[in-house]
Structure formats: C-alpha cells, structure tokens
Amino acid sequence: MQQYKKTQYKLILVLVGLPARGKTHISYKLNRYLNWIGYKSEIFSIKGAQQNNDGFDQKIDYELEIDPANQQFVEVRQQLSQIAAQQLVQFLQNDGDIALYNGLTSTKADRQKLKSLFKETLKLEYQTFWVESICDDPQVILNNFNESKLSRFQDKTIESFTNHINVLAKDYQSLENIENLSYIKLINIGKLVKVHMLEGYLCSKIVSFLLNLHANNRQIYLVRSCQTEYHLLDKIGGDPELSATGRQHSQQLGDYFIEELKGNKNITFFSSQMKRGIQTAEIVGEKLGIKALKTKNLDEIDYGICDGLTVKEIAAKYPKQIKERKANPLEFKYPRGESFLDVIHRVEPIIYEIERSREPVLIIAHVAVLKCLYAYYHCNQISEIPNIDIPINCVIKLVPIPYHCLESRVIIK
Amino acid sequence: MQDCHKSQKIAICMVGLPARGKTYISRKLHRYLNWLGYNCKVFNIGNYRREICGTECDKTFFDSKNEQATKARNECAQMALNDLISFLNSDGEIAIFDGTNTTKQRRNMVQCSLSQQCQNVQTLWIESICDDADVIQNNIRLTKLNNPDYVSMNPEDATKDFLGRIRMYEEVYQKIELDENLSFIKLINIGEDIQIHKVKGYLLSKIISYLMNLHIYPRPIYLTRHGGSTFNQENRVGGDCDLSQQGIQYSEQLGKFLLDEFPTQEKRNQIHCLTSTMKRATQTADIVCNILKINYLQLKTLDEINVGICDGLTYTQIAIQFPEDFAQRKVNKLTYRYPRGESYLDLISRIEPIIYEIERSREPVLVIGHQAILRCLYAYFHRNEISEVPQLEIPIHAIIKLTPAAYYCEEIRIRIDPETGERKQIEEYLQYERVNLLTKKKSYILL
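Scoring rules and cut-offs
- Residues numbered from 1 in each chain as written.
- Chains lettered and ligands numbered in written order.
- Predicted model: local features only at pLDDT ≥ 70, side-chain atom pairs only at ≥ 80, totals over all residues.
- Heavy atoms only, no water.
- Salt bridge = Lys/Arg side-chain N within 4 Å of Asp/Glu carboxyl O.
- Helix = DSSP H or I, 4+ residues; strand = E, 2+ residues; numbered from the N terminus.
- Buried < 20%, exposed > 50% of the residue type's maximum accessible area, 1.4 Å probe, protein only.
- Contact = heavy atoms within 4.5 Å.
- Buried area = accessible area lost by both parts, 1.4 Å probe.
- Polar contact = N/O pair within 3.5 Å; in protein donor to acceptor, adjacent residues only side chain to side chain.
- Pairing = 2+ DSSP bridges.
- Phe/Tyr/Trp six-rings, centres within 6.5 Å; stacked < 30°, edge-to-face > 60°.
- UniProt positions renumbered as here; feature names shortened; annotations may be inferred.
- Domains from an automatic or database assignment.

Could you give an account of the pattern of salt bridges, with specific residues and numbers?
Residue and element names in this part refer to chain B. The full count for this structure, using the stated rule, is 31 salt bridges over all chains. A salt bridge links K71 to E75, with the shortest nitrogen-to-oxygen separation between them at 4.0 Å. Of this pair, K71 and E75 both sit in helix α3 (residues 67-89), four residues apart, which is roughly one turn of that helix. Between D260 and R423 there is a salt bridge, with the nearest N and O atoms lying 2.9 Å from each other. Of this pair, D260 sits in helix α9 (residues 245-261) while R423 sits in strand β13 (residues 423-425), and the two are 163 residues apart along the sequence. Using a relative accessible area of 52% as the deciding quantity, one classes D260 as exposed. Among the ionic contacts, a cluster of salt bridges with common partners joins D63, K65 and E171.

Before we move on, can you summarise the interface of chain B and chain A with the specific residues and values?
In this assembly, 40 residues from chain B lie in contact with 44 residues from chain A. Taken over both partners, the interface formed by chain B and chain A buries close to 3300 Å², and the fraction arising from carbon and sulfur atoms is 54%. Among the ionic pairs, R340 of chain B bridges to D307 of chain A, the shortest N-O distance being 3.2 Å. Counting across the chain B and chain A interface gives 10 residue pairs in polar contact (both at pLDDT 80 or more). At the level of secondary structure, the elements contributing two or more residues to the side of chain B that touches chain A comprise β6 (193-197), α7 (202-212), β9 (297-298) and α15 (352-360) of chain B.

I'd love a proper account of the sheet that holds strand β10 (residues 365-369) of chain B, names of residues and values included.
By way of backbone hydrogen bonds, the strands of a sheet pair with one another, either parallel or antiparallel. Residue and element names in this part refer to chain B. Spatially, β9-β8-β10-β7-β11-β12-β13 is the arrangement adopted by the seven strands of the open sheet, whose pairing is mixed. The sheet terminates laterally at β9 and β13, the two strands that pair on one side only. As judged from the three bridges shared by strand β12 (residues 409-416) and β13, these two strands associate in the antiparallel manner. Bridge assignment links R415 to a residue of β13, and that residue is K424.

Break down the packing of aromatic side chains for me, citing the residues and quoting the values.
Residue and element names in this part refer to chain A. The full count for this structure, using the stated rule, is 21 aromatic pairs over all chains. Taken together, a centroid distance of 5.1 Å and an interplanar angle of 45 degrees make the contact between Y28 and Y403 tilted. Of this pair, Y28 sits in helix α1 (residues 23-36) while Y403 sits in the loop between β11 (394-401) and β12 (404-411), placing them 375 residues apart in sequence. Residue classification places Y28 among the partly exposed positions, given a relative accessible area of 38%.

If you had to explain the UniProt feature "binding site: substrate" (unreviewed entry) in chain B to someone new, which residues and values would you point to?
Residue and element names in this part refer to chain B. This chain's UniProt record puts "binding site: substrate" (unreviewed entry) on R225, H226, G227, G228, S229, T230, F231, N232 and R280. Look at the named residues: they lie 56 residues apart in sequence, but the longest C-alpha span between them is just 14.1 Å, so in the fold they bunch up. Under the relative-accessibility criterion, R225 is labelled buried at 10%. Those residues in contact with R225 that lie beyond four places of it in its chain are N232, Y250, G369, H370, Q371, L374, I394, P395, I396 and A398. At 3.2 Å, the side chain of R225 forms a polar contact with the side chain of Q371.

Give me the lowdown on the pairing of strand β1 (residues 10-16) of chain A, citing residues and values where you can.
All names here are of chain A. For β1, a buried count of seven out of seven residues is recorded, marking the element as mostly surrounded by other parts of the structure. Of the two faces of β1, both are covered, the one formed by K10, I12, V14 and V16 as well as the one formed by L11, L13 and L15. Two strands pair when backbone bridges link them, and β1 and strand β4 (residues 126-134) are joined in this way by seven bridges, in the parallel orientation. When the sheet's bridge partners are listed, V16 is paired in β4 with E132. Sheet topology note: the β1/strand β3 (residues 98-102) ladder contains four bridges and is parallel. Looking at β3, one finds that L13 is bridged to L100.

Now, about the domain arrangement of chain B: what can you tell me, with residues and values included?
Residue and element names in this part refer to chain B. What the domain assignment lists for chain B is domain 1 (9-213) and domain 2 (221-445). The C-alpha-based centres of domain 1 and domain 2 are spaced at 36 Å. Measuring nitrogen to oxygen at the nearest pair gives 2.7 Å for the salt bridge that ties E352 to K206. Sorting the residues of the side of domain 1 that touches domain 2 by element identifies α1 (22-35) and α7 as the ones contributing at least two each. Of the residues forming the side of domain 1 that touches domain 2, the biggest block, eight residues, is contributed by α1.

Following this line, the structure appears as structure tokens:
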C-alpha cells in the first residue's frame, strides 16, 4: 500500500509562455518540490534534448536563438522540441511519475500537436495540466532578464533578444477555454491567477504551491537549537532543556542576528515546540525584539523506542534496527517513531510558509527536521538527506535565486 | 501556528446573484475558520432585511426602480455593515459579509467604510457566478423553499417569485472588474473556472486553497473505529497492538455491510479508503478492503493521539502514577497535552490536510481510524463546537455515515454486531441531546 502518494495516473505539466516569462524558473521550482515530496519527476526541455543528443551543435544555445526570421534555427528548435516530447513519453512509460515539458507550445496548433502526440504514444492513463506564465508589466520582464538571462548572453545584446520576443508575441496565442485544457495562468507573477477545469489531488496541490511563488530573493536562516545535557551524555531524542553553555551560545546567536538582520523586525520567525527550541528562540527573540511562532511541525524526528537512549545503548539493545537503518537510512522508521519520509510530510506546511514569505525567514529547529528543509533547497535527490551535515552552533544561510540556491555557513563561537 | 497570524483582521465580502451559493460558501468558511480557532461571524443582509422589513416581500421589493424599497434595502445593508465593523473593532477576528453586493457602487461603499472605520483590516471579495440553469433550479429547491420568505407559499409560486427576484438583480448586476482594485476570488460554475487577484498573506492564501476545493456533490463519509484490539479489552491507552478476535470479526462484518451499501464493483472502486499506520487500523483495513477488492491509503496523520509517557497504561494506572496530570486532564480535556505527547488541539491542527482531502473528494470516503482522531473529524463535519470534541461519542464496532448537505450534515449510525453481523441503527442511544437551533438537528454528546 502506498504512503502519501496517490497518483493512479501519470501527470504531464506543460509550460506555456513567451521567452523570459519565467517558465524555466517555474519548472525548476515545481520539479524540486515534486521530487522532495516523493514523486519521480523530471523536466524535458529544448536545452535538455540538445545536451543529450550529439547530433546538434553544442556551442549554440538554442533556447536563446529565437529569431523567427532565421529559418535554420527555427527548424532545429522544432526538432529539439519533438525529441524532448519523445523522451518525456519514454520517461513516463518507464517509472517516471510526473514530467514537466518546456518546449514549443505558443500556438494552438502546437498545443494540439502535442496533445495528439501524447495520446498516440503514451500507453498509460495520464493527466495533462497546462501552466502558462504571462507578463505584461515591463518592470517584471526586466527583472526576469536581469535574474536569469543576462548571464547567458555573450555576443548577443538584450535589445535583439527583446526584439525577437516582440515578433514572436504577434503569433502567440494564450490558452483559451475552447481548447478544452485544464490550466492555470499566472499573470505578472501571480498578481492575477486564472484556473480552468482543475481536477485531482496533485493538481490542487500544484496550484496551491504556485500561488505562493514570488520573485523576491530573501534569505533563509536554518539554525539548530543550542547545547543541552543530552548532547554531553550522547543521548538522542528526549525533551531536555538548554545547558548553561547552551544558553550562552543562544546569546551569541542573538548577537549575530542583530548584526545580520540590521534592525529588520519584519522577519518570519519559526521555532519548534520542544523545550530546547523554545528556549533558544526566546533568548534570540529577546535580543531581536520579536517573538517566534511555535509549531509542532518543526519538532525533532520521533525516535520511538530509541528515545532517550545513548548511541551505545541503542547499538547494544537494537542491533537489528541499526542494520536496517544502515541499509536504507531514508525510509527507515524507528519502531513506534518516524522516518525521514514522515518528517518531510510533516514539514511540508513550513515549506509553503517559507515560499510564501517575502521577508527573511529564521528557523530554529533540530537536526533531522533541518536536514529535510535544507534538502528542499539544495538536493536533487531526497536519498541524500541522511548524509547532510547540520552542525551545532552554525547558522546556515540560504538565498534561493533563479535556477539555484546560494549558501553560506557561519560558525558562532 | 495561529499565534502571530492573528495580527490583521479580515473582512470577507460575498458578491453574486441570488441562488449562487453565497450563503453556502459563507457558512462553510465560517465552519472552517472557527475550526481553526479564529473568532469568526457571518453577517447576512437577508436576515437584517427580514427583521426590519418583514418576510412578506415579493419580487417587486427588489426592483431597483422601487425607490422606497431600495432605500430600505440600503439601510439594512448599512446596519449589517455597522454591526460587522463593531465586531471587528472589538474581539472579532474574521467577519463574513453575506449579501449580493452586485453593484460597483455598493462594493465601493463597503470597501471605503471598512478601510476608514476598521483598524488594520484586510478585505477579500468572493464572487460566485453561475449560469447553469439546472444548478440554480436545484439551489432554489434545496435552500430557498424552506426560507422564511416563502414559508406560506406553495413551491411553484415560490420558485416563480424567486426567479423574478433574480431577474431584478440581474438588471443592475456588475461583475467585479480589475479596475476596482480589490483582492478577490471568482468562482465560476462551481469551480470550473477560478480567478484570483491580488491575494497575499497566510490566512487569505489558506482561504483560497480551501475555496478551490469546495463543491456541492453530495457524497457520503463513513467513519469507523478499527475493530476492537487487545488494549481496548484491557482498557489501556496508546500502544500499537493487534486486533482481538472480536476485532477481526467486526472487520469482516464491516466488509459485508459495505458490500451491501455499494452493490456494484464499479461503485466500490470509487471509494477512497483512508487509514492510519497503526497495526490495529491497517489490519481492519486489510480485511475490509480485501472483501471490497479495493486499495487503501495509509496516512500517519490519522494515527491515534500520542499519549507520550502514558503509553500502554490503563486509566487507573495513570491516575495512580501521574495524579496531577490525571486531574489536569479532567479540568480541560481539550488543551491538556500528555507529557511528550499531544493534546486535542494538536490533533485538530494535525488532521487539517485530511479535512482538505475529504472536502475535495467527490467520491465516497471511508475512514478507518481511532477514537480521538474520529472525534475531531466528526466534529468538523457535524459542526460541533471545538469545546465539545473531547466528549463526543464514537462507539466501537459501529459505523457513522455522514452526508453533508447544503446547510447541515445528515447522520446515520449503525452498530454492527461482530459475531452475528446484526445491524442496528442507533437512534435512541444518547445521554444528552443538543438541538442545533439553526438546523434543528440533534447531536449525540456524552456528559
């Protein structure tokens, strides 16, 4: 019986929109989110098709060569788009769950062709959901450029790229109800959103997720609660209070954040509901003049029958469990406790909150929970989670920018 | 997670022609937001109008060219709005303004009044648009004919008059437009099309997600506890034990009962079966779903309340070993949290995703759960107050069938004897009867 996953059929997410409208950014974020919550998801784009295929000139960036007058490039782009669609079908026929398509979809004809391709070649039950990004606010478009395309321009100028887009815009056909497609239109990064024929558990989740996206690059600080006597005794779990050293370190943490946040009181501040989390948050919060929102979702992983034991005691008492955990650390569930997968599920609402927040976010929690949060921003596979290093007395600063995430770590002495 | 998210007040205003489900949406939102712990109230302009102008208003009262009546209606709306503003300025947190608000002028007046007279308020406009004649006819039949306005008329005349009333409104109806610069969500033809504009913030985002999942397809929700377990027999709490012999028998009888409820395999395949990850629940689900030939979904979110250090003890042992805790729990069962465990409030917060799932589902749902969890689920659909949750009666070896209807929830309880399979509808078994004044429906609550 499946836990958490409810797809009886495969899902295809098709992105629609003119260049520089954030399609790639949206596809990356969605792909990251879907993989994190446990689905096998992948993106199929013109760029991807080119990279996997030696038959094409790898020096030309076909995603930027959009000049509609250049017949050669137009043909190559069409070919690559077709190859990407075929690779998508292969992926879903095997063991893929969700596929994101970022190819040529700007006209009704293109979309009908794609629909037919899927219908004829995909021999499984599947659902398609179309995600269109529209921008008519020049400031928004300019920001998009500066964030994502600028770095890829070499000899080309922004001007000619924008001119090409304006030409393409004349033939562009936005999604319409008569095409009978299930879709969401995001206009000016979610200022206005239109949804049509929304159906199914997964699509509802995806729509809720997309509604929270924005373009502000804000910092996310992940911090472990400070030292407790359990640390000194090498015990795991429990609900101990901070030791004297722990309280001292919390003060130092508070000082660090006073400098870092420069008096900004408008931050999103979360802590767990465990004593060490609350105490660390209280000391830091007092220094900053803000109160933390306490949520049980950030509580440490439930160690079940191993709670309160030292590492040596567990090795002696439950050798079978230690073996199981070594074999599959991600899915291993402590008897009467939780697994990392359970923690991911528990922490999902916090991810929504972080995504929604346009201000800096400060989270005070515990090792296993922070591993899961960190993995959302940094890892491509959740199998990496058990190996992530989250040291104590260390502030991990993440700044998500389009296509990746900047990270810096500061050890508080 | 509600502490700091309460800093801003919220005013939710409905927009739409009559019989478009505005009151239905208002009441569902009211239920949901109260459930999350917010102090929420609905201000229905129609109720004010009925009190002030009486209930003998036929469709000409709603003609925009009828100056005297229009003045009276505007006064009623203003009174409702004034009460709403007082509510938000005192200890109210969320207010729902349930009225047609079909003209730009009216909406502008409301928006200005709110921003000028309320401190720090966020407004959300919900417009319900429907042009499906069958749906509208059905709405009228289900909700208007019992309305105090039409109590003395026969159904045919009442429907005719009501359709006339709708036409009066249609003449002056102006849909919300972007240049009004309002935060809004438009629900078109029961969610076939949804438009969302300028919605920001934790609570508004939650409300939007909730609204996108609403529908009016009546579907049954079956709630049952797992079959009796060895711990149940010994009167112990917590643990992860197996089914007792009786428990196994109940599971089989339950399977047979559901075979009769869903006579064809096609109907059975539509059932969403949800259960927890604890052995006694999955064992019950295994047996039942084997008989029905369907799959089930295990969710840790449905696990029984975590009783922390009291796990595995009987109530007597708890009273002896932890007398202070035992006393505290008696005083306030709702907020009491077992040390290293959970409270009922934690549970309510934990099952929120399940409630979304069940709301969204247009097919029958079967939940095989545990006592405390089912108390929370039951209370949500049956519209009990949160304070009643810890005392609700969810008997073992019985199945509760809830069918949410327009303004209330129908309920049938059937006890199934594990050995004989005899099914008996529980009607008279109640120690305390509470009649919901709004819906005239009874609930079963233990003292």
